[in-house]
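The primary structure of each chain is shown beneath.
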Amino acid sequence: MRCSDCPRFDEGKALCKDGKLNPGSRQGAIDVAQQFGPRSICMMNDHREMIVDVWQGNQIEGKPTRRPHTPTRRWNLEI
Ligand code: SF4
């Protein structure tokens, strides 16, 4: 979700009212998690689920795989 479309976005200050960050790329999400921790990433960010999985000890396996017949993206992670 883009911040400009979110009701929690303060257009005057150009900041999130909740103090969250919404990186647009996977690398950006990794950098934010390393600098500020995974709780600083917005709940609606596309990369947050992967960050939380890695934070819990799972490995990054490369690009995400898609299961046929399921619309949601699933990560193929080994524990
Ligand atoms: S960081 Fe998340 S909650 Fe905050 S304005 Fe952006 S989309 Fe909304």
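The model shown is predicted, which means the values in this text are computed figures rather than measured ones. Think of each chain on its own: its residues are numbered from 1, step by step along the sequence as written. Thresholds applied to this predicted model are a pLDDT of at least 70 for local features of residues and 80 or more for the giving and counting of side-chain atom pairs; totals over whole chains, interfaces and linings are not thresholded and use all residues. Computation of side-chain values covers all heavy atoms of the structure but excludes hydrogens and water.

(A) Spatial organisation of the overall build of the protein chain. Here a helix means four or more residues in a row that DSSP labels H or I, a strand means two or more in a row labelled E, and each is numbered from the N terminus. Regarding its fold elements, the protein chain presents 2 helices and 2 strands. Burial status across the protein chain gives 23% buried among its 79 residues. Taking as baseline every contact in the protein chain between residues at least 6 positions apart, the subset at least 24 positions apart corresponds to 16%. The Shrake-Rupley method, run with a 1.4 Å probe sphere, supplies the accessible areas, and residue values consider only the shown protein chains as cover. Accessible area for the protein chain stands at about 6,200 Å²; split by element, carbon and sulfur atoms hold 50% of it. When a residue's accessible area, from a 1.4 Å probe over protein chains only, is under 20% of the maximum for its type it is buried; when over 50% it is exposed; and in between it is partly exposed. Contact criterion: two residues are considered in contact whenever any of their non-hydrogen atoms come within 4.5 Å of each other.

(B) Representation of the site of the ligand in the model. With respect to spatial proximity, the complete set of residues near the ligand consists of Cys3, Cys6, Arg8, Phe9, Cys16, Lys20, Asn22, Cys42 and Met44. Per-class residue counts for the shell around the ligand are 6 nonpolar, 1 polar and 2 charged. One heavy atom within 4 Å of a molecule or strand is enough for the residue carrying it to be called near that molecule or strand. Each residue is assigned to one class: nonpolar for Ala, Val, Leu, Ile, Met, Phe, Trp, Tyr, Cys and Pro, charged for Asp, Glu, Lys and Arg, and polar for all the others, Gly among them.

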